[in-house]
Every structure is written in C-alpha cells, then in structure tokens.
Amino acid sequence: MPELPEVETVVRGLSAVLPGREIVAVEVLHKPSVEGSPKKPNCLRGQRVLSVTRRGKFIRVSLASGLGMAVHLRMTGWLGVVPVKEPNALNDAYVRVRFKLDGGAEQLIFRDIRTFGRVWCGPVDGLDKLKSLAKLGPEPLEISDDEFATRLRSHGSRLKALLLNQEFIVGIGNIYADEALFGAALHPLSVSSKISVAKARELHRSIQSVLRSAIEAGGSSIENFRNVKGESGWFQRELLAYGREGEACSRCKGVIQRIVMGQRGTWFCPRCQKKK
DNA sequence: CGAGTCCTGTGT
DNA sequence: ACACAGGACTCG
C-alpha cells in the first residue's frame, strides 16, 4: 500500500523518536515476515539506533556495530511506536514483529494484515546487497528532468508500467503513477519512446509535484495507511484520477475512466490524456 | 507483455 | 460468491 510519500512519512516519524534508543528484545510472531541473515533478528538486541532512512519504498534502520534492518511494507505493513501497557488499536493480532525499546514503556511494532511485508536483519552493507534493494533505480526527487527524460525515452514500455518499475525509478506505485500521468496529461498506455523530450520533462515535474504535495499531506490513507503515531494522511482527498471512475475530470469536460492494466486498476481521463 | 502467486479483509 | 486492494516476484 505505501508508496514513496507514505514511506517517507513513516521514516520521518521514526527519525524523530528512534535514534538513540536501544532495542532490548525482539519477538517474532510470524516467522515468514522476517528474512535475511541471520534469520533471527535477536542479533539486534542491545543495539542502539543510529538512523532511519528511506531508499525507494524500503525503510532502513541503522544500528551501532554495523548491524541494521531493512523493512518493506508492501501492501498493508505498518511500523510504529506504541506503549507496552496501554491498549492500542494497532497493537493487535496482526502484529508480526515486536521490538522492545529501552525504558520498557514503548515498543516498535511491525504490523501487517496481508503478510506481504518483510523485515530483513543483518549487517548494513549486507542489506544494501539485497537483490531488490541493490537493483533500485534513481530517486525521482533527486534526478533532473533531463536525466529522467533521457531514461524514459530510451525504453519502449507503456508509461504506467515504466513508472511502476522500481528499476526504472523508485517509489512510485499505483496511486502516484496515475496522478503523475494525469498531471502531465499523458495516457497510461502511451509508449515511452514516442514521448517528446518536453513532454517527458513535464512528466518528471508532475511526478515531483505530486510526490512533494503528498509528503506534505502525510501521505494518502485510502484504507490502511497510518503514520507512526497511527494517524491518517489526507492526500487521498487531493487525488484527481485514482479511484475517481465516473467522476468529472477536473481539467476538461471528460469523465474519469477505469481500465485494468497488468492486473492493476488504472484511472485516467480519456479526453485530455490522449494516447501517443 | 500477461497471468498467477503470496495473504487477509472489505464491499457488492 | 466474486471482485478488488498503496507491491513485487516468478513463470511462460
């Protein structure tokens, strides 16, 4: 579920509370949620958190002694800090891993309804070599319009498929792909090699604009997404295409249409997003 | 490329 | 009962 803005929201939230804290105990409640070497994240016990960073949709927690963990929330994962004693709506049967923190009053929990999410534990440099993490493409908020345009036009894929491909560019998922294409008035099925340089640059600006606005809004909470305190984001109210089938286009007299591509719902305005 | 897979929940 | 859900891998 979470894309770059949601993951960034989680990383910022954790960065405010985790660095300096020590993990005093790790409890794995659902074994498949944890991967990597060593498979038992008990190696993280007694380690102080140095930093929490984001790479694409991965969250990396660096600990003292060169150890750390990488977390991918996939569709329904959640990382947050909750009290050990008081009841909390997000501290329920879907908690897959618990990290008790020093002081004994709080714990970091990894909650995941559908169990697609993963936690990898081990040496930090080993985590960076994780197959999917090592192959990631550039960060959309860091590369230039020109660099993006060149990369885009060198592929012959449909635009939406390319935006969802984490080796092409990281962090964009189903919501922000549709929103970015809508913003640049590009058809999701247009072939990337046929896009003009000017239009490709415009798409990159649209991507950056929607990602930045969504980060400002604390992400989009359609169903499950919550920040580390359990609060919703509000960017779902700003969405112009995603999930708006049958509604009036906000730019022209068209009506938002839903199609399926690559098993994913895809929303766009067939009137102002013409195929190239 | 598309289709199937991993899961559990929600809405029609 | 069936479609669908912020992801990503593997298979033809």
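Going by the structure above, here's the rest.
Source: prediction; values computed, not measured.

J.: Before we move on, could you go through the protein's contact with DNA strand C and cite the residues and values that matter?
T.: Neighbouring DNA strand C are 26 residues, the closest being Met1, Ile222, Glu223, Tyr242 and Arg264. Protein-proximal atoms of DNA strand C, defined as those within 4 Å of the protein, fall in sugar or phosphate at a share of 59%. Between DNA strand C and the protein, one listed contact pairs a base oxygen with a backbone N or O atom of Ile222 at 2.7 Å. Here a phosphate oxygen of DNA strand C and a side-chain polar atom of Arg258 are 3.3 Å apart. For the surface near DNA strand C, the secondary structure elements donating two or more residues are helix 3 (131–134), helix 6 (174–183) and strand 11 (264–268). With three residues, strand 11 is the single largest residue contributor to the surface near DNA strand C. For the surface near DNA strand C, the per-class residue count stands at nine nonpolar, nine polar and eight charged.

J.: Explain the protein's contact with DNA strand B to me, and be specific about the residues and the numbers.
T.: Neighbouring DNA strand B are the residues Tyr94, Ile113, Arg114, Thr115, Phe116, Ser157, Arg158 and Gln263. A share of 61% is what sugar and phosphate atoms reach among the atoms of DNA strand B within 4 Å of the protein. Taking Arg114, its side chain carries an N or O atom lying 2.7 Å from a base oxygen of DNA strand B. One of the side-chain nitrogen or oxygen atoms of Gln263 is found 3.4 Å away from a base nitrogen of DNA strand B. The class makeup of the residues in the surface near DNA strand B is three nonpolar, three polar and two charged.

Rules behind the numbers
- Residues numbered from 1 in each chain as written.
- Chains lettered and ligands numbered in written order.
- Predicted model: local features only at pLDDT ≥ 70, side-chain atom pairs only at ≥ 80, totals over all residues.
- Heavy atoms only, no water.
- Near = heavy atom within 4 Å.
- Polar contact = N/O pair within 3.5 Å; in protein donor to acceptor, adjacent residues only side chain to side chain.
- Helix = DSSP H or I, 4+ residues; strand = E, 2+ residues; numbered from the N terminus.
- Nonpolar A, V, L, I, M, F, W, Y, C, P; charged D, E, K, R; others polar.

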